[in-house]
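A look at the structure
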Amino acid sequence: METAPETAELASAPAQPPAAAPAPSQPAQPDPLAADLINRIRASLGETCLIAIPQQTAEGAISLTIYTANDTAAAPYADEILADLTPRPDLQTVLIDPRQCAALDYIRQSAAYPTSPMTLNLDVTRINSGEELTGRLAGTGGRNITMLVVDDNGVTQDLGQYLSVAVNTARFAAPLRRAGAARDTQQLLIAIGTPARPIAANVQNGQRADDYFTALAAEIGGNAPMVLVPFDVQ
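Each value, and the rule that gives it
Residues numbered from 1 in each chain as written. Predicted model: local features only at pLDDT ≥ 70, side-chain atom pairs only at ≥ 80, totals over all residues. Heavy atoms only, no water. Pairing = 2+ DSSP bridges. Helix = DSSP H or I, 4+ residues; strand = E, 2+ residues; numbered from the N terminus. Axes fitted to C-alpha atoms, helices over the stretch in contact; angles between N-to-C directions. Parallel < 35°, antiparallel > 145°, perpendicular 65-115°, else oblique. Left-handed = near helix turned anticlockwise from the far one by under 90°. Contact = heavy atoms within 4.5 Å. Nonpolar A, V, L, I, M, F, W, Y, C, P; charged D, E, K, R; others polar. Disulfide = S-S within 2.5 Å. Buried < 20%, exposed > 50% of the residue type's maximum accessible area, 1.4 Å probe, protein only.

This brings us to the sheet that holds strand 6 (residues 132-138). Here four strands make up an open sheet; going across it, the order is 4-6-10-9 and the pairing antiparallel. The open sheet terminates on both sides in strands that have one partner only, identified here as strand 4 (119-122) and strand 9 (163-166). For this sheet, the mean inter-axis angle between neighbouring strands, taken without regard to orientation, is 15°. As paired strands, strand 9 and strand 10 (residues 169-175) are joined by four bridges and run antiparallel to one another. The residue bridging A166 from the neighbouring strand is T169, located in strand 10.

This is the structure in structure tokens:
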């Protein structure tokens with residue numbers, strides 16, 4: 001899968017006038033199932049190229065997504081995390097290409113893993129080659145956002161030119177086309193928030209995931225908040 005090369009850097013949105021203070025309310029109580037699940041994931045060593053991300057729906061249901069390049073590793077890893085957990089969350093497995101593994105390993109070494117202050121939602125998770133991938137990123141908190149697609153050939157490309165930034169949110173509409181025949185593996189969309197744009201985002205744009213995330217880790221470490229979603233290009 002390929003995208004057009006980057007031509008512009010992401011600019012921060014101008015500050016907006018402060019909104020009126022909301023009426024006092026009780027702070028939301030953390031979901032005990034979600035908290036338990038997060039602790040279990042952090043305590044589980046697992047293997048390289050294997051991560052687990054908990055999710056909560058608008059209705060409050062908790063689910064777990066396993067990302068792996070080895071589908072036989074997903075079930076044992078999930079069983080380890082979910083052992084004796086009641087109720088057992090719904091489970092989804094996302095299969096990636098081994099050439100994308102560096103992206104998963106970079107996310108896993110994040111200090112906040114498996115959580116993120118940002119949320120990333122796609123309008124649709126499957127598009128046809130040549131169509132636009134569209135969605136919304138929330139909780140950006142004034143950070144510079146590096147939006148990456150790691151395709152199932154392992155190529156990592158910056159989608160910054162397709163971002164429209166507002167206060168604490170960003171929208172995107174990126175035209176993508178597939179290179180090669182469709183496969184069972186998924187593409188990865190990753191958003192990373194940093195105080196300033198990483199140099200690696202320019203220097204490594206269009207390179208393999210191994211090179212890209214090695215350079216990114218050397219430059220910014222694992223303290224940057226990040227979030228990912230899988231998608232498919234037919």
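Across the interface, helix 1 (residues 32-43) lies against helix 2 (residues 71-82) with an axial gap of 9 Å and an inter-helix angle of 125°. Comparing the axis directions of helix 1 and helix 2 gives the class oblique. Of the two possible hands of crossing, helix 1 and helix 2 adopt the one that is right-handed. Here L37, R40 and I41 of helix 1 come into contact with helix 2, specifically with Y77, I81 and L82. Here the residues of the contact of helix 1 with helix 2 sort into five nonpolar, no polar and one charged.

A separate point is the packing of helix 3 (residues 101-108) against helix 5 (residues 209-220). With their axes 8 Å apart at the nearest point, helix 3 and helix 5 run at an angle of 20° to one another. With respect to each other, helix 3 and helix 5 are oriented roughly parallel. Every pair of crossing elements has a handedness; the one defined by helix 3 and helix 5 is right-handed. Of the residues in helix 5, those touching helix 3 at A102, A103 and Y106 are A209, D210, F213, L216, A217 and I220.

Turning our eyes to something else, we now look at the state of the cysteines. Going through the model one piece at a time under the given rule, you end up with one disulfide. Paired by a disulfide, C49 and C101 hold their sulfur atoms 2.1 Å apart. Between C49 and C101 the sulfur-sulfur dihedral comes to about -75°; the bridge is accordingly left-handed. Of this pair, C49 sits in the loop between helix 1 and strand 1 (50-56) while C101 sits in helix 3, placing them 52 residues apart in sequence. C49 gets classed as buried once you look at its relative accessible area, which sits at 7%.

Peptide bonds are mostly trans, and most non-glycine residues show a negative phi. The residue after T86, namely P87, is reached through a cis peptide bond having omega -5°. Secondary-structure assignment places P87 in the loop between helix 2 and strand 3 (90-95). Between Y113 and the following residue, P114, the backbone shows a cis peptide bond with an omega angle of 10°. With respect to the helices, strands and loops of the structure, P114 is situated in the loop between helix 3 and strand 4. In this structure, C49 takes a positive phi of about 55° despite not being glycine.

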